[in-house]
Amino acid sequence: MGNAVKTIGVLTSGGDAPGMNAAIRAVVRTGIANGLKVKGIQRGFAGLLEEEIIDMTSIDVSDIIQLGGTILYTARCLEFKELEYQKKAAEICRKHGIDGIVVIGGDGSFNGASRLSEQGINTIGVPGTIDLDIACTEYTIGFDTAINTAMEAIDRLRDTSESHERCSIVEVMGRTAGHIALWTGIASGAEYILTTEEYHGDIQRIITKIQDRRKMGKKNHIIVNAEGVGNSNEMAKVIELATGVETRATILGHIQRGGNPTCKDRVYASAMGAKAVELLCEGASNRVVGYHNGQFQDYDIQEALAMTKGLDPYLFHITKKLTTRG
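Report on the accompanying structure. All figures in this text were calculated on a predicted structure; none of them were measured in a lab.

Quick word on helix α8 (residues 232–243)
Along an α-helix, a turn takes 3.6 residues, which lines up residues three or four apart on a common side.
Here is step 1 of the chain: Over its 12 residues, α8 runs 16 Å from end to end, which matches the ideal 16 Å to within 8%, given 1.5 Å per residue.
Here is step 2 of the chain: All of the buried residues along α8 are Ser232, Met235, Ala236, Ile239 and Thr243. Looking straight down α8, one finds that the buried residues subtend no more than 100° of arc, so they occupy a single side. More than 90 degrees from the buried face of α8, the exposed residues found are Lys237 and Leu241.
Here is step 3 of the chain: As for α8, its buried residues are in contact with β6 (167–172), β7 (192–194), α7 (203–215), β8 (221–226) and β9 (247–251).
Here is step 4 of the chain: Of the residues one or two after α8, glycine 244 is the one with positive phi, at around 80°.

What follows is the structure, encoded as structure tokens:
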């Protein structure tokens, strides 16, 4: 346990995620409710090194819970991997009276938070990433909005695929993790779901299925392809050449990070932001907030980063049954 704090900072780091503003709002208002001063740090660790630090009040976070993105902006900071800059950041925190920081981001952000904790600044991580790839938690801020965005896009694509009797390959985000692909594939009734964890390049199997289903009268085909698998455009060319079925690739990209957060992302992000401040008030440091078995919990950051996480085995199991027919 570290020392109890009087002034806290909050920053968002790495990729943005819908619901980050809800978490920022919760940090600011929970901090003020607990008698703390709260400062916003703009552009993540990069902004901290540049002293882009502002005072924040309850009014400053009014009417932001429904907004996507992050009002504090975000950036990646490779410099922060170096001890020299970690020490500099800690000194800047002391200069501004900041003795505790809430870091909202992914695993790279948590590494930075842990390094800052080693320099004597109490830090708590809040998982903000659409990828759902942080092993200590069943929920990460932005995932629910991202999968709903992708699902709605695939629903629209199926309409035009049916009209033109096409095969559509839809590439979704997730870096090397296949959670977005798995969830949106199931939700949209995709015929094929390709994830880094489970797909091993057997495109001939897909081609054979398309040919067989075409004979059965299937007019359109939806393939959800994870970002980690990639090569959607090349895959489309191979499938069209082998089957004679017009095949188009659509890469959804960063639209999955934007837009108004869902109710779940607003509520869970608010709870996680509040929990982070409560931990700082208790003197905790080098912890990350997570959601597990219906409860908001906290873990040592290094222990959390050492955990591994695969796809939900049951969800993947049922896809094999749900995609056996047209």
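Side note on the sheet that holds strand β10 (residues 287–292)
Here is step 1 of the chain: Reading across the sheet, the 7 strands line up as β3-β2-β1-β4-β5-β10-β11 and stay open at both edges, with mixed pairing between neighbours. The open sheet has two free edges, formed respectively by β3 (53–56) and β11 (295–300), since each of these has just one partner strand. Mean inter-strand twist for the sheet, computed between neighbouring axes without regard to direction, equals 30°.
Here is step 2 of the chain: The sheet contact formed by strand β1 (residues 7–12) and strand β2 (residues 37–41) spans 4 bridges and is parallel. Bridge assignment links isoleucine 8 to a residue of β2, and that residue is valine 38.

As for the packing of helix α1 (residues 20–33) against helix α9 (residues 263–281)
Here is step 1 of the chain: It is the contact of α1 with α9, at a shortest axis distance of 7 Å, that shows an interaxial angle of 40°. When the axes of α1 and α9 are compared, the pair comes out oblique. Between α1 and α9 lies a crossing whose hand is right-handed. Contacts from Ala22, Ala23, Ala26, Val27, Thr30 and Gly31 in α1 reach Arg266, Ala269, Ser270, Gly273, Ala274 and Val277 in α9.
Here is step 2 of the chain: Among the residues forming the contact of α1 with α9, the class breakdown is 7 nonpolar, 4 polar and 1 charged.

Things to note about the sheet that holds β9
Pairing between sheet strands relies on hydrogen bonds along the backbone, with the strands arranged either parallel or antiparallel.
Here is step 1 of the chain: Read across the sheet, 4 strands follow the order β7-β8-β6-β9 without closing on themselves; strand pairing throughout is parallel. Of all strands in the sheet, those with a lone pairing partner are β7 and β9, marking the two edges. Averaged over all pairs of adjacent strands, the angle between strand axes in this sheet comes to 15°, irrespective of strand direction.
Here is step 2 of the chain: Two strands pair when backbone bridges link them, and β6 and β9 are joined in this way by 5 bridges, in the parallel orientation. Within the sheet, the bridge partner assigned to serine 168 lies in β9 and is arginine 248.

Quick notes on a negative patch on the surface
Here is step 1 of the chain: There is a patch of like negative charges on the surface, built from Glu50, Glu79, Glu82 and Glu84.
Here is step 2 of the chain: Residue placement: glutamate 82 occurs in the loop between β3 and α3 (83–95).

Thresholds, definitions, all that
- Residues numbered from 1 in each chain as written.
- Predicted model: local features only at pLDDT ≥ 70, side-chain atom pairs only at ≥ 80, totals over all residues.
- Heavy atoms only, no water.
- Helix = DSSP H or I, 4+ residues; strand = E, 2+ residues; numbered from the N terminus.
- Expected span 1.5 Å × (residues − 1).
- Buried < 20%, exposed > 50% of the residue type's maximum accessible area, 1.4 Å probe, protein only.
- Arc of directions from axis to C-beta.
- Contact = heavy atoms within 4.5 Å.
- Pairing = 2+ DSSP bridges.
- Axes fitted to C-alpha atoms, helices over the stretch in contact; angles between N-to-C directions.
- Parallel < 35°, antiparallel > 145°, perpendicular 65-115°, else oblique.
- Left-handed = near helix turned anticlockwise from the far one by under 90°.
- Nonpolar A, V, L, I, M, F, W, Y, C, P; charged D, E, K, R; others polar.
- Patch = residues over 30% accessible without salt bridge, like charges linked within 9 Å, V, L, I, M, F, W, Y side chains within 5 Å.
- Areas by Shrake-Rupley, 256 points an atom, 1.4 Å probe, with all protein chains shown as cover.
- Salt bridge = Lys/Arg side-chain N within 4 Å of Asp/Glu carboxyl O.
- Lys, Arg positive; Asp, Glu negative; His and termini not counted.
- Charge placed at Lys NZ, Arg CZ, Asp CG, Glu CD.

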